[in-house]
Amino acid sequence: MSTTATLPPKKVNRIGLEVQAYKGGKTTLCAGCGHNAISERIVEAFYEMGIEPWKVAKFSGIGCSSKSPAYFLNQAHGFNGVHGRMPSVATGAILANRHILGIGVTGDGDTASIGMGQFMHLLRRNLPFIYIIEDNGVYGLTKGQFSATADLGSKLKTGVVNDLPPFDCCALALRWGATFVARSFSGDKKQLSAILKAAIAHRGLSVIDVISPCVTFNDHEGSTKSYAFMKEHDEPLHEVDFVPSFLDISVEIPEGELREVAMHDGSRIRLRKLARDYDPTSQINAIQALHEAAQKEEVLTGILYIATGQPTLMDMLNMDDQPLATLPESKVRPSPKALEEIMEELR
Amino acid sequence: MSITEVSTAESRLGSGRRITNDFSIQVATVNGSGSQTANTVLMRAIFQMGIPVSGKNMFPSNIAGLPTWFTIRASKDGYIGRKKELDFRVAMNPETAREDVMKLESGAAALYDEPLKLDGLRSDLHFYPVPFDKLVVPVCPEARLRKLVRNMIYDGVVAQLLGIEMEEVRKALFKQFGARKAKAAELNWNAARTGFEFAAQNLPKKDPFRVERMNATAGKIIIDGNAATALGCLFAGVTVVAWYPITPSSSLVEALIGYLKRYRIDPETGKATFAVVQAEDELASIGMVLGAGWAGARSMTATSGPGISLMSEFAGLGYYAELPGVIVDVQRVGPSTGLPTRTMQGDLLSTALLSHGDTKHPMLMPSSPRECFSMSQDAFDLAERFQTPVFILSDLDLGMNNWMSDPFVYPAEPIQRGKVLTAQDLERLGGFARYKDVDGDGVGYRTLPATPHPAAAYFTRGSGHNEKAGYTEREDDYMNNMDRLAHKLDTLRSYVPAPRVEYREAAQIGVICAGTSRYATEESRDQLRSEYGVETSYMRLKAYPFNHQLSEFIRRHDRVYVIDQNRDAQLLALMRLELDSEEIARLRSVRYYGGLPIDARTITDEIVRQEEL
């Protein structure tokens, strides 16, 4: 069935770079940490998409997840910000240079607790930006406290039970303005890879919540963010294929089995129907599906929602196409005549 | 209140004194009554007659209905600080009328709304009752507008009593309303004339105050400090602005937005060469500023003390990660409710050392609209040249009040973008070490994200990095970096605006101040000289960290008075961090912290007390 997921077995990508050019430093996270798998998928996705690595800028806050930008794309600038405030840094940087392809990596603590305010406002602005939440329901660097995405009734290793309801970051993203919302599992290589590539092609804000088990503090029985739990409860909405604009592949697909979403750059997302026929362009459907899944203790994965062609922050600000950062003085300093005109008005 | 308490000064009445171009008028109204227009017109009319003038608005944190006072000072000698003594009262607010009158100097004038019957309160004042409600009816048939229009009546009365030329009132009024509101201007002009006529027929001149045409304001402008800072940012080529509304800084960004829309839309493309984002809070606004600075924009925000507090963590990251950005702090009183609309220089210490760890931030301290304009340009150059957040410490008095100023001078130097390596540079050099002190000034070279070169990237993080921006927790790496940062700040001392210094031969004492304290301080020096025969040397600091001139100045005097507009002598405390014990021992403190701009008399009295003169 696969028409797209595997590219020709070449040593270089379409811009002539080897995969090495997309790698990062050696990870210092725990062996088996879901975050490492996500870093590998990010390397893969940017390599396969043939993005110049220096066009990318990586952003993170604080936490285990936020260390990971050091483990991919060494040739991209990185910014490890303060806890929960990565969205503002990324917003500033992308406003300064709209040619930057921004990717942020955050965690459930960094987003759903200390960073909730900035996350919500990032959603409203539809900044062209990929926002990945490495979601394990637990604070790792501080050694195992619940986060705000921990499920009701889930258990810490110490036996402490969480009695507060979780935030669903996808539901928030859907409701408050993200134009691309997906959930995936760090253990699902194929799906995560396709979602990342679609997010790279998306013009607008992509929020990807990736369940990424913490092998040290939250992979035991009673956890709802463990490998074992995900194997049982992962409920893919569809099979996701991504067809980049530079691949011209047309295959006859029997009607009814496939939904195709055309993206602004000519690439296409192909969603193969599984148990249900899911329409990812309807916000209301998506919210309903999330609610129903939560009741059934299912974790819905796949592309929950996509809206193409929505105005981005740059559109709303009517910004120059050139990066503001490098505009010449002649464009940014008004003339002596302008100053004289202003002075005259104040006399 | 008994009238006997103040009657001892009755002799000042009718003494035939004549005081020309040297007095203050204070108008007491309620906010939301539209008095701002009448007050501005009055001030401008005096200004147009060539007389040095200043206007200070003291307003409540409220939209409508609470007391507000506008003070106009005319000064032939050019003093534009707040004058402690009030000479001419316009009492329009029944709530505060009694107190307003009781506060006046003996021999002052009080113009009041007739039904308030204030003339029984004191016998040592000149009273002028005006029946505003009666006068406004024929002028303004539309009842709902009368509340606004009656204010213009006092402009006419005051003009008649003080000798302000009505032609200048008319010009100021029509300028204020602009061509689009010609009808409203006409209505208000009629009201002013009605007041003028009423006074001419019914109010014989009793007080000594009057204006006489001078030629001391030709070519000058009137502007508030916030608008001046906004203009500075505009001409500095600001590209990214992120802000969160807070009194008294909001009008700065609002003025900036207005100017950007006028002058920074590319005529060829119709696109903005700037981005302004109203952020969700101050934490986000400084995050955006630093992110934008990191990526190469000239970025800024404006805030006040509470915002500075919220920015603390990011400011520290900006210091350690060496990110440019300009933060304007229009200082005001305290957190939460209370006196957010009153002025203070209360953020000196907290801003200089903002955040945790060994952080230290450059601060520029403008004292006038001209300095707001020039220093905001300096701030952007310094931020990029030294790759660090730079703070401009203005205050509410400077930011929100109207100041007479010489017109601004177009920047003579091109914009300084600092040490940024391009792809071509990298090709030539083969690579770079982000935090290496190549030039000996403590400042490394940086690259911007999206620079098209495989060697361009580096990873930005907080305190733990080595010269090559690699992660480290080694003590030698950390200490080397901290020492380089200290060296960088030392280098910066000779790049920030130098203090203004005035040595007097005979002076045994010196006076040091910063920012808006200058007006009261300079006037106080004249008072000390003329009233007590005491000469003083003078230093006005314009920036922190201080340069070598500070020690020199202190060592040349036996005692040095440091003027602070806060309770805890923050400017003096900042000096203590850098001076030796012998120098510190010479410092004396003069403080005012009541929420109004400091006045000369307060400084003079305190120095006289400490000097035992």
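Given the structure is predicted, the values throughout are model-derived calculations rather than measurements.

## What about the overall build of chain A?
Alright, step 1. Scanning chain A from terminus to terminus reveals 12 helices and 13 strands.
Alright, step 2. Over its C-alpha atoms chain A spans a radius of gyration of 21 Å, differing by no more than 12% from the 20 Å that the globule rule assigns to 347 residues.
Alright, step 3. Its C-alpha atoms put chain A at 75 × 50 × 40 Å along the principal axes.
Alright, step 4. Residue burial in chain A is summarised as follows: out of 347 residues, 57% are buried.
Alright, step 5. The positive charge centre, built from 35 side chains, and the negative charge centre, built from 40, are 5 Å apart in chain A.

## Comments concerning the interface of chain A and chain B
Accessible area lost during the coming together of the parts is what is often quoted as the interface size.
Alright, step 1. Counting residues at the interface gives 56 residues for chain A and 72 residues for chain B.
Alright, step 2. Across the chain A to chain B interface the summed buried area is about 5,200 Å²; carbon plus sulfur atoms make up 64%.
Alright, step 3. The tally of links from chain A across to chain B stands at four salt bridges.
Alright, step 4. Among the salt bridges present, the one from Lys331 of chain A reaches Asp266 of chain B, with a minimum N-O distance of 2.6 Å.
Alright, step 5. For the pair chain A and chain B, the interface holds 25 residue pairs in polar contact (both at pLDDT 80 or more).
Alright, step 6. Those elements giving two or more residues to the side of chain A that touches chain B turn out to be strand E1 (56-60), strand E2 (77-80), helix H3 (86-96), helix H5 (116-125), helix H11 (329-332) and helix H12 (336-345) of chain A.
Alright, step 7. With eight residues, H12 of chain A is the single largest residue contributor to the side of chain A that touches chain B.
Alright, step 8. In terms of residue class, the side of chain A that touches chain B is built from 26 nonpolar, 17 polar and 13 charged.
Alright, step 9. Pairing of E2 of chain A with strand E19 (residues 459-460) of chain B, which is carried by two bridges, proceeds in the parallel orientation. Directly across from Gly78 of chain A, in E19 of chain B, lies its bridge partner Phe459 of chain B.

## Observations regarding the environment of Leu310 of chain B
Residues and elements named next belong to chain B.
Alright, step 1. By the element assignment, Leu310 lies in helix H10 (residues 305-310).
Alright, step 2. Judged by its relative accessible area of 41%, Leu310 is partly exposed.
Alright, step 3. For Leu310 and Leu283, which are 27 residues apart along the polypeptide, the C-alpha to C-alpha distance reads 5.8 Å.
Alright, step 4. Excluding residues within four positions of it along the chain, Leu310 makes contact with Glu282 and Leu283.

## What to know about the packing of H12 of chain A against helix H8 (residues 250-263) of chain B
Alright, step 1. Look at H12 of chain A against H8 of chain B: their axes get within 12 Å of each other, and the N-to-C directions meet at 135°. When the axes of H12 of chain A and H8 of chain B are compared, the pair comes out oblique. In the crossing of H12 of chain A with H8 of chain B, the sense of the turn from one axis to the other is right-handed. For the pair formed by H12 of chain A and H8 of chain B, the contact residues are Ala338, Glu341, Ile342 and Glu345 of chain A on the first element and Tyr259, Arg262 and Tyr263 of chain B on the second.
Alright, step 2. For the contact of H12 of chain A with H8 of chain B, the per-class residue count stands at four nonpolar, no polar and three charged.

## Here's the deal with the sheet that holds strand E13 (residues 325-331) of chain B
All names here are of chain B.
Alright, step 1. With mixed pairing, seven strands are arranged side by side in an open sheet as E11-E10-E12-E13-E15-E14-E23. With partners counted over all chains shown, the strands left at the sheet margins are strand E11 (275-278) and strand E23 (543-544), one partner each.
Alright, step 2. In this sheet, E11 lies alongside strand E10 (residues 240-243) in parallel orientation, the contact comprising four bridges. Bridged to Val240 within E11 is Ala275.

## Concerning the pattern of salt bridges
Residues and elements named next belong to chain B.
Alright, step 1. One pass over the structure, following the stated rule, counts 69 salt bridges over all chains.
Alright, step 2. A salt bridge links Asp599 to Arg82; the nearest nitrogen and oxygen atoms lie 3.1 Å apart. With Asp599 in the loop between strand E25 (587-591) and helix H21 (600-611) and Arg82 in the loop between strand E4 (67-75) and strand E5 (88-91), this residue pair connects regions lying 517 residues apart in the sequence.
Alright, step 3. One salt bridge connects Lys205 with Asp207, and the closest N-O pair in it is separated by 2.8 Å.

## Remarks on the nonpolar core
Alright, step 1. In this structure, Phe59, Phe119 and Phe129 of chain A together with Leu541 and Met575 of chain B are the most contacted members of the largest nonpolar core, which totals 101 residues.
Alright, step 2. In contact with Leu541 of chain B, not counting residues within four places along its chain, are Met365, Pro499, Ile512, Cys513, Ala514, Gly515, Phe546, Leu550, Leu571 and Met575 of chain B.
Alright, step 3. Core analysis: the next-biggest nonpolar cluster, separate from the first, contains 54 residues, Phe23, Ile25, Phe47 and Phe132 of chain B among them.

## With respect to the packing of aromatic side chains
Alright, step 1. Counted according to the given criterion, the structure contains 19 aromatic pairs over all chains.
Alright, step 2. A ring pair is formed by Phe386 of chain B and Tyr495 of chain B, whose centres lie 5.2 Å apart and whose planes are at 70°; its orientation type is edge-to-face. Highlighted residues: Phe386 of chain B in helix H13 (residues 369-386) and Tyr495 of chain B in the loop between helix H16 (475-492) and strand E20 (500-502), separated in sequence by 109 residues.
Alright, step 3. Looking at Tyr495 of chain B, the relative accessible area reads 42%, which means it is partly exposed.
Alright, step 4. The structure contains a cluster of three or more aromatic residues connected by ring pairs, namely Phe59, Phe79, Phe119, Phe129 and Tyr131 of chain A together with Trp294 of chain B.
Alright, step 5. One Lys or Arg, Arg175 of chain A, reaches over the ring of Trp176 of chain A and ends 4.1 Å from the middle of that ring.
Alright, step 6. When the ring centre of Phe174 of chain B is taken as reference, the NZ or CZ atom of Arg170 of chain B above it lies at 5.7 Å.

## With respect to unusual backbone geometry
All names here are of chain B.
Alright, step 1. Of note, the bond from Thr247 into Pro248 is cis; its omega dihedral lies within 30 degrees of zero at 5°.
Alright, step 2. Take Pro248: it is sitting in the loop between E10 and H8.
Alright, step 3. The backbone of Ser336 sits at a positive phi, close to 55°, despite the residue not being glycine.
Alright, step 4. With respect to the element layout, Ser336 can be found in the loop between E13 and helix H12 (348-352).
Alright, step 5. Taking relative accessible area as the criterion, Ser336 reaches 60% and is therefore assigned exposed.

## Some thoughts on the domain arrangement of chain B
All names here are of chain B.
Alright, step 1. Once the domains are mapped, chain B shows domain 1 (3-210), domain 2 (226-405), domain 3 (420-490) and domain 4 (500-611).
Alright, step 2. Look at where the C-alpha atoms of domain 1 and domain 4 centre, and you get two points 35 Å apart.
Alright, step 3. Between domain 1 and domain 4, the residue contacts involve nine residues of the former and 11 residues of the latter.
Alright, step 4. Across the domain 1/domain 4 interface, buried area totals approximately 890 Å², and carbon plus sulfur atoms make up 57% of it.
Alright, step 5. A per-residue breakdown of the area domain 1 buries against domain 4 is headed by Tyr79, Arg82 and Lys84, which together make up 61% of the total.
Alright, step 6. Viewed at the interface, domain 4 and domain 1 are joined by two salt bridges.
Alright, step 7. Across the contact surface, domain 1 and domain 4 share four residue pairs in polar contact (both at pLDDT 80 or more).

## A word on the state of the cysteines
Alright, step 1. Scanning all chains against the criterion turns up zero disulfides over all chains.
Alright, step 2. The closest cysteine sulfur to the non-disulfide-bonded Cys214 of chain A is located on Cys30 of chain A, 6.4 Å from its own sulfur.
Alright, step 3. This cysteine, Cys233 of chain B, is not joined by any disulfide, and Cys372 of chain B carries the nearest cysteine sulfur, 9.8 Å off.

The rules behind these values
- Residues numbered from 1 in each chain as written.
- Chains lettered and ligands numbered in written order.
- Predicted model: local features only at pLDDT ≥ 70, side-chain atom pairs only at ≥ 80, totals over all residues.
- Heavy atoms only, no water.
- Helix = DSSP H or I, 4+ residues; strand = E, 2+ residues; numbered from the N terminus.
- Rg over C-alpha atoms; globule rule 2.2 N^0.38 Å.
- Buried < 20%, exposed > 50% of the residue type's maximum accessible area, 1.4 Å probe, protein only.
- Lys, Arg positive; Asp, Glu negative; His and termini not counted.
- Charge placed at Lys NZ, Arg CZ, Asp CG, Glu CD.
- Contact = heavy atoms within 4.5 Å.
- Buried area = accessible area lost by both parts, 1.4 Å probe.
- Salt bridge = Lys/Arg side-chain N within 4 Å of Asp/Glu carboxyl O.
- Polar contact = N/O pair within 3.5 Å; in protein donor to acceptor, adjacent residues only side chain to side chain.
- Nonpolar A, V, L, I, M, F, W, Y, C, P; charged D, E, K, R; others polar.
- Pairing = 2+ DSSP bridges.
- Axes fitted to C-alpha atoms, helices over the stretch in contact; angles between N-to-C directions.
- Parallel < 35°, antiparallel > 145°, perpendicular 65-115°, else oblique.
- Left-handed = near helix turned anticlockwise from the far one by under 90°.
- Core = buried A, V, L, I, M, F, W, Y, C linked by side-chain atoms within 4.5 Å.
- Phe/Tyr/Trp six-rings, centres within 6.5 Å; stacked < 30°, edge-to-face > 60°.
- Lys NZ or Arg CZ within 6 Å of the ring centre and 35° of its normal.
- Domains from an automatic or database assignment.
- Disulfide = S-S within 2.5 Å.

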